[in-house]
Amino acid sequence: MTARPRRKRTRSGESGAPGADVPEREFTRKRDEVRKAARRVNRDPKVRGFGRAGLLANGIIHVLIGGIAIGVAWGSRGDADQSGALRTVAAGPGGVVLLWAAAIALFGLALLQWTEAAQVVSEKRRLVVMRRLTNVGKAIGYAAIGIVVGFYALGGRSDASKTWQGLSAALLDLPGGVFVLAGVGVLVGTVGGTLVFRGVTRNFREELRPLDGRMSRVVGALGVVGHVAKGLALVITGVLFLASAAFTDPGAARGLDGALRWVASVPLGGGALLVLLASGFIAYGCYLFARARFLRDGPMVVTSFNDR
């Protein structure tokens with residue numbers, strides 16, 4: 001009497017018919033195909049060109065915000081946020097054409113940033129996941145800015161502070177809306193804290209090709225100052241949203257412009273603090289110019305702070 005052949009075990013350790021792990025292999029194959037496609041898009045010269053143009057457009061917006069904020073510190077009128085910067089562009093010669101060009105470029109930057117997720121390389125899985133999520137979040141943010149710029153290119157005009165106040169009032173009138181408003185504050189503050197962390201640890205250097213000498217020091221200084229300044233402004237913005245939720249006061253939630261004006265209202269040197277913060281926005285804009293010039297080409301190698 002011959003012995004019955006033993007059935008092979010699958011990768012999961014359970015006996016079963018050969019090919020039981022086909023769905024897993026198929027999923028891995030499709031995932032690899034998507035990753036390769038994203039890398040091809042990321043390396044496409046046209047996509048990289050639009051991404052560089054988007055960085056330049058975003059840099060100009062931040063420089064304008066910083067300039068308007070310095071004017072506010074010196075007593076002039078204006079909204080120190082994206083709406084104020086875009087109104088300034090729209091009012092200039094060829095403003096509509098420039099806004100359309102900026103909107104298209106920002107969508108290109110969103111595509112470039114989204115495909116950056118496929119470029120992340122690290123020995124630590126946690127860092128890969130975190131950086132991929134960061135890239136996807138940035139892509140959504142750039143696309144949102146592109147939509148806003150397109151809105152202005154179509155002739156739309158709005159006051160961001162009033163828009164945020166109206167949204168806050170609507171949320172406070174809804175059951176449980178106060179928690180949603182508090183969640184917005186936590187989200188904005190978290191983004192700001194992340195920017196401060198990236199500035200202090202110089203994580204932003206992962207976005208650039210290797211630099212050395214004076215250029216490395218200049219770009220590094222712009223990146224540190226710019227990330228920290230913008231991050232602090234967003235942290236203050238988030239705190240004001242939390243205050244709006246805590247005290248059910250929609251007037252406290254006024255976005256970035258409200259945060260910068262709050263800094264200006266601080267007793268004993270608020271104007272000087274605002275000038276410093278506004279100068280940081282200008283530095284951030286200049287860093288974006290530098291990133292467009294020295295945009296990294298190839299994998300994004302991510303390391304932890306202790307490994308540097």
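Just so it is clear, the structure is predicted and the values come from calculations on it, not from any experiment.

*Asks:* Outline the overall build of the chain, listing residues and values.
*Replies:* What the chain contains, in helices and strands, is 10 helices and two strands. Listed N to C, the secondary structure of the chain is α-α-α-α-β-α-α-α-α-α-α-β in terms of helices and strands. For the chain, the C-alpha atoms occupy an extent of roughly 100 × 55 × 45 Å along the three principal directions. Here the chain holds 308 residues, and the buried ones make up 41% of them. Of the contacts made within the chain by residues no fewer than 6 positions apart, 75% connect residues no fewer than 24 positions apart.

*Asks:* Account for the side chain of Q119, naming residues and giving values.
*Replies:* Among the structural elements, Q119 can be located in the loop between α4 (95-115) and β1 (120-121). Look at Q119 and you get buried, because its relative accessible area is 2%. Setting aside its immediate chain neighbours within four residues, Q119 contacts R39, N42, R43, R296, G298, P299 and M300.

*Asks:* I'd love a proper account of the pattern of salt bridges, names of residues and values included.
*Replies:* Counted according to the given criterion, the structure contains eight salt bridges. Here R254 makes a salt bridge to D257, at a shortest N to O gap of 3.7 Å. Sharing partners across several salt bridges, the network here consists of K138, R198, E207 and R291.

*Asks:* Go over empty space enclosed by the protein, please, and point to the residues and values.
*Replies:* Using the criterion set out here, one finds one cavity of 30 Å³ or more in the structure. Lining the largest cavity are Q113, R131, T134, N135, K138, R198, E207, R291 and M300. Ranked by residues supplied to the lining of the largest cavity, first place goes to helix α5 (residues 125-153) with four residues. Of the residues in the lining of the largest cavity, the class split is one nonpolar, three polar and five charged.

*Asks:* Describe the packing of aromatic side chains, and please don't skip the residues or the numbers.
*Replies:* Centre-to-centre distance and the angle between the planes together describe a pair of aromatic rings. Applying the stated criterion across every chain yields a total of four aromatic pairs. Here F151 and Y152 contribute two aromatic rings whose centre-to-centre distance is 5.7 Å and whose plane-to-plane angle is 85°, an arrangement assigned as edge-to-face. Overall, the relative accessible area of 1% leaves Y152 in the buried class. Ring centres 6.3 Å apart and planes at 35° place the aromatic pair Y284 and Y287 in the tilted group. Residue Y284 and its partner Y287 are both found in helix α10 (residues 270-293); the two are separated by three residues, about one turn of the helix. Just as Y284 is buried, Y287 falls in that class too. Every member of this aromatic cluster is reached through a ring pair, and the members are F204, Y284 and Y287.

*Asks:* Give me a nonpolar patch on the surface: which residues, what numbers.
*Replies:* A cluster of nonpolar residues, V41, L111, W114, V136 and I140, forms a patch on the protein surface that exposes about 420 Å² of accessible area. Looking at the nonpolar patch, the elements with two or more residues in it are α4 and α5. Mapping I140 onto the fold places it in helix α5.

*Asks:* Could you give an account of the packing of helix α3 (residues 82-91) against α5, naming the residues involved and the relevant values?
*Replies:* Following both chains from N to C, one finds α3 and α5 inclined at 45°, their axes separated by 10 Å at the closest point. With respect to their mutual orientation, α3 and α5 come out oblique. Judged by the sense of rotation from one axis to the other, the crossing of α3 with α5 is right-handed. Contact with α3, carried on its side by Q82, S83, L86 and R87, involves I145, V148, V149 and Y152 of α5 and no other residues of that element. When its residues are assigned to classes, the contact of α3 with α5 shows five nonpolar, two polar and one charged.

About the cut-offs
- Residues numbered from 1 in each chain as written.
- Predicted model: local features only at pLDDT ≥ 70, side-chain atom pairs only at ≥ 80, totals over all residues.
- Heavy atoms only, no water.
- Helix = DSSP H or I, 4+ residues; strand = E, 2+ residues; numbered from the N terminus.
- Buried < 20%, exposed > 50% of the residue type's maximum accessible area, 1.4 Å probe, protein only.
- Contact = heavy atoms within 4.5 Å.
- Salt bridge = Lys/Arg side-chain N within 4 Å of Asp/Glu carboxyl O.
- 1 Å grid on protein atoms, 1.4 Å probe; cavity = no way out; pocket = protein on both sides within 12 Å on 5 of 7 lines; lining within 4 Å.
- Points joined across faces, edges and corners; volume = space filled by probe spheres on them.
- Nonpolar A, V, L, I, M, F, W, Y, C, P; charged D, E, K, R; others polar.
- Phe/Tyr/Trp six-rings, centres within 6.5 Å; stacked < 30°, edge-to-face > 60°.
- Patch = residues over 30% accessible without salt bridge, like charges linked within 9 Å, V, L, I, M, F, W, Y side chains within 5 Å.
- Areas by Shrake-Rupley, 256 points an atom, 1.4 Å probe, with all protein chains shown as cover.
- Axes fitted to C-alpha atoms, helices over the stretch in contact; angles between N-to-C directions.
- Parallel < 35°, antiparallel > 145°, perpendicular 65-115°, else oblique.
- Left-handed = near helix turned anticlockwise from the far one by under 90°.

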